[in-house]
2 protein chains.
Amino acid sequence: MAESARTYPPAARVGVPEAPPAQDDPARCAPAPLDGDIAGAVAAFLGEFFADRRAAVEERPPDDAADAGGGLDTVLDAEFQSEVVARLAEFTLSGGKRIRPVFAWWGWRAAGGTADGPAAHAALRAASALELVHACALIQDDVMDGSVLRRGRAALHAAVAEQHRRSRWSGGSGRYGESVAVLAGDLALVWADDMLDEALEELGARGGARVPWRRMRTELIAGQFLDLRAQAGRQESPDAALRVDRLKTAAYSVERPLHLGAALAGAGGGLVAALRGYGAGIGTAFQLRDDLLGLYGDPAVTGKPVGEDLREGKRTLLLALGVERALARGDAESAAALRDGAGEPELTAADAARLAALLEALGARAAVEERIARLVDEGLAHIRGAPMPGEARRALETMAVQAGTRIR
Amino acid sequence: MAESARTYPPAARVGVPEAPPAQDDPARCAPAPLDGDIAGAVAAFLGEFFADRRAAVEERPPDDAADAGGGLDTVLDAEFQSEVVARLAEFTLSGGKRIRPVFAWWGWRAAGGTADGPAAHAALRAASALELVHACALIQDDVMDGSVLRRGRAALHAAVAEQHRRSRWSGGSGRYGESVAVLAGDLALVWADDMLDEALEELGARGGARVPWRRMRTELIAGQFLDLRAQAGRQESPDAALRVDRLKTAAYSVERPLHLGAALAGAGGGLVAALRGYGAGIGTAFQLRDDLLGLYGDPAVTGKPVGEDLREGKRTLLLALGVERALARGDAESAAALRDGAGEPELTAADAARLAALLEALGARAAVEERIARLVDEGLAHIRGAPMPGEARRALETMAVQAGTRIR
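Described in the following lines is the structure provided in the data block. (Residues numbered from 1 in each chain as written. Chains lettered and ligands numbered in written order. Predicted model: local features only at pLDDT ≥ 70, side-chain atom pairs only at ≥ 80, totals over all residues. Heavy atoms only, no water.)

Moving on, we come to the overall build of chain A. In terms of regular secondary structure, chain A is built from 17 helices and two strands. Across the 408 residues of chain A, 60% fall into the buried class. Expressed as a percentage of contacts within chain A between residues at least 6 apart in sequence, the contacts between residues at least 24 apart total 74%. Roughly 14700 Å² of accessible area belongs to chain A as shown, and the carbon and sulfur atoms make up 54% of that amount. (Helix = DSSP H or I, 4+ residues; strand = E, 2+ residues; numbered from the N terminus. Buried < 20%, exposed > 50% of the residue type's maximum accessible area, 1.4 Å probe, protein only. Contact = heavy atoms within 4.5 Å. Areas by Shrake-Rupley, 256 points an atom, 1.4 Å probe, with all protein chains shown as cover.)

Residue and element names in this part refer to chain B. A rise of 1.5 Å per residue sets the reference length of helix H7 (residues 173–203), with its 31 residues, at 45 Å; its end C-alpha atoms lie 44 Å apart and thus fit the reference within 8%. With 27 of 31 residues buried, H7 is to be regarded as a mostly interior element. Looking at the residues trailing H7, positive phi occurs at Gly 204, about 70°. (Expected span 1.5 Å × (residues − 1).)

Working note: a packed helix pair is described by the angle between its axes plus the distance between those axes. All names here are of chain A. Interhelical geometry of helix H4 (residues 99–110) versus helix H17 (residues 390–404) gives an angle of 145° and a closest axis separation of 8 Å. As H4 runs across H17, the sense of the crossing is left-handed. In this structure, H4 uses Val 102, Phe 103, Trp 106, Arg 109 and Ala 110 to contact H17, whose residues at the interface are Glu 391, Ala 392, Ala 395, Leu 396 and Met 399. Taken together, the residues of the contact of H4 with H17 sort by class into eight nonpolar, no polar and two charged. (Axes fitted to C-alpha atoms, helices over the stretch in contact; angles between N-to-C directions. Left-handed = near helix turned anticlockwise from the far one by under 90°. Nonpolar A, V, L, I, M, F, W, Y, C, P; charged D, E, K, R; others polar.)

Attention now moves to the nonpolar core. Counting 247 residues, the largest nonpolar core has A:Tyr278, A:Leu396, B:Tyr278 and B:Leu396 as its most contacted members. Beyond its immediate chain neighbours, meaning those up to four positions away, B:Leu396 contacts B:Phe103, B:Trp106, B:Leu258, B:Leu275, B:Tyr278, B:Ile383 and B:Met388. (Core = buried A, V, L, I, M, F, W, Y, C linked by side-chain atoms within 4.5 Å.)

Once that is clear, we can look at the pattern of salt bridges. Residue and element names in this part refer to chain A. Following the criterion strictly, the structure yields 66 salt bridges over all chains and no others. A salt bridge links Asp 197 to Arg 210, with the shortest nitrogen-to-oxygen separation between them at 2.5 Å. Of the two residues, Asp 197 is situated in helix H7 (residues 173–203) and Arg 210 in helix H8 (residues 207–232); the sequence distance between them amounts to 13 residues. The class of Asp 197 is buried, set by a relative accessible area of 0%. (Salt bridge = Lys/Arg side-chain N within 4 Å of Asp/Glu carboxyl O.)

Bringing the environment of B:Ser147 into the picture now. Residue and element names in this part refer to chain B. Among the secondary structure elements, Ser 147 is positioned in the loop between helix H5 (118–145) and strand E1 (149–150). We classify Ser 147 as buried; its relative accessible area is 16%. Sequence separation of Ser 147 and Ala 158 is 11 residues, and the distance between their C-alpha atoms is 8.5 Å. With residues up to four places along the chain from it excluded, the contact list for Ser 147 reads Asp 142, Ala 155, His 157 and Glu 312.

One pass over the full model with this rule turns up zero disulfides over all chains. A:Cys136 forms no disulfide, and the closest cysteine sulfur to it belongs to B:Cys136, at a distance of 9.7 Å. The class of A:Cys136 is buried, set by a relative accessible area of 5%. (Disulfide = S-S within 2.5 Å.)

Spelled out as structure tokens, the structure:
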């Protein structure tokens, strides 16, 4: 993939549903600016990556020693293609709002990256690799949580387990499904790296962008661990909850994507600091809004049942503040109700509604709302004085407001 | 880590047991050639990597935006350090014979890489990153197999589960241990990449070495999947067994490490093809010898109980040839005995001995021995005409013979 300069990916060929605007006129060579449909372009780049991977592994002989280019020269078995690669491709290509590449794109544009042309396409291709890291996180997260549903369909491990059961294969179906899902996650993680690397070769700029990439991956893993650890240890401190939000959501979903995009454009320390400050605030606000929606939102909109976080024992800031406030008032009964409810797998919708009302009466909901407002203000203050093009500033301001209200 | 030129790592500082020979005279600045104690130098590089990681995450403030260098600027929590990073460091630093970096080193030397000096150190540092990939493979493999022992001690997931139980944490201990082990494996995988990257920056040569690195990682994951798949599907074909050996052992442990080392030295296609041909043959021979030792070797030497592969249902060439030969003779009883024994968790040592004798009587053992001899000859033939320094040729010849007889 490294040897040829890239043009806008031909969406029709790779079977990606969202046709990018530049494809309207097939005779047109110069691609349209990407600002208008970032998510569509990301989906097209991902579709092209999987199509290239599949073509490369199907066409090349196993002992081809030419070894030029970035593809694979190993013929991978049909089972691996259909039972792992195809599942990973489907999972990745059907994925959500592409929030992480979108933030990376605006980091690129904020740092003066062009809106179109080969460099812009390479930058957005690099940013699209974030979706593969995210696929790893979600696929393995579902294994760890034992969640059988994702995006309204069977989680990857559950689908593989079902195939095992239906095929009457040997051994435990659940164990097999989980093992294959862990491997599919690993594959997403290493292919993310391949995709980034190939884009960086096109872009001809390397070192700077590797720094946020490295850090983001470690922060994601650390955040995921601390989330598990907080649940296991039933940690109650608001600081511990915020620490998980900071690593698992803010750094991974907003701050480092912005940092990555800015580094791709060769941004200096001042702008990077401003964008990271924005990302830390906005990313944390985004998570806190998500926590509130999980208990006070409409399940038809959020896509998950009310109180799911409580049921799973997730240590949210909302819960931590509720317990803290109950204890400060000497209200042992309320504290006990919250403690017993968190991590109770049999928690009913009525139980969840009762705890939601309790958290509201304790002032925890209002305290989280205040925190969100403050984080959004602080995040926006970080970019106020930073020099950047008007489009980038407007986009970041809009996304800050969306993160504080609702974005997903 | 990228900003300063590296000297030989101070083994004492990083607490690595095997002191490299260059440390005998502390006043000496120029490092001794690495040929004599490759494994010791690899251990020292890994020790230094973990020490640097730990120092970086302990010392830097969380919002430091300077972002130079390759370390982390995120302060990672004490729990993550002690419960994940320290466990991964211990696992990696206590690891075996460093076979993969050793092959990479001889790929480097075969392609004309120097025996000492800064470039040699950077090349061996890059090769040492293979041990972190291997740590990921072993840690996650133990989760998938449900193996509670590794290198005579508790497997990582089992140790974490025990900590959970002892601490009376919330939720299931087994599930928690497995989740943390999957994350520790992910961390090893991404840190392998970081370590390679930092070494490549030192070396100033990048593109070529990324090709075998990318392919090896995909081949490893594909090989691991095909191994699980063959067990689940009780696949009986000798070709299917050899395919797993080719990807999971030969490509990952010998062929791609040699390719990586040669690419670090800028080797051309001819030498790479010769080394890969050698690696494919020798690596497969190595695995077949391991399979034979598992049934006919001394458990005090191999470190695992006789017949463990049979018990786990591993689809070895030995088993596949046994079933094939029994069926060809119309000996349904022997075929049934082998099929029933493979994957039987209650298989006793006496059962294993009986099946070992049966495989011998069917000629399967001798057929595998013949195959090993042929693979070693074919592997050696690949490097016979290839130009390379005498030390590298002698080392590769010695390792070929060891792989065919016993090396681990």
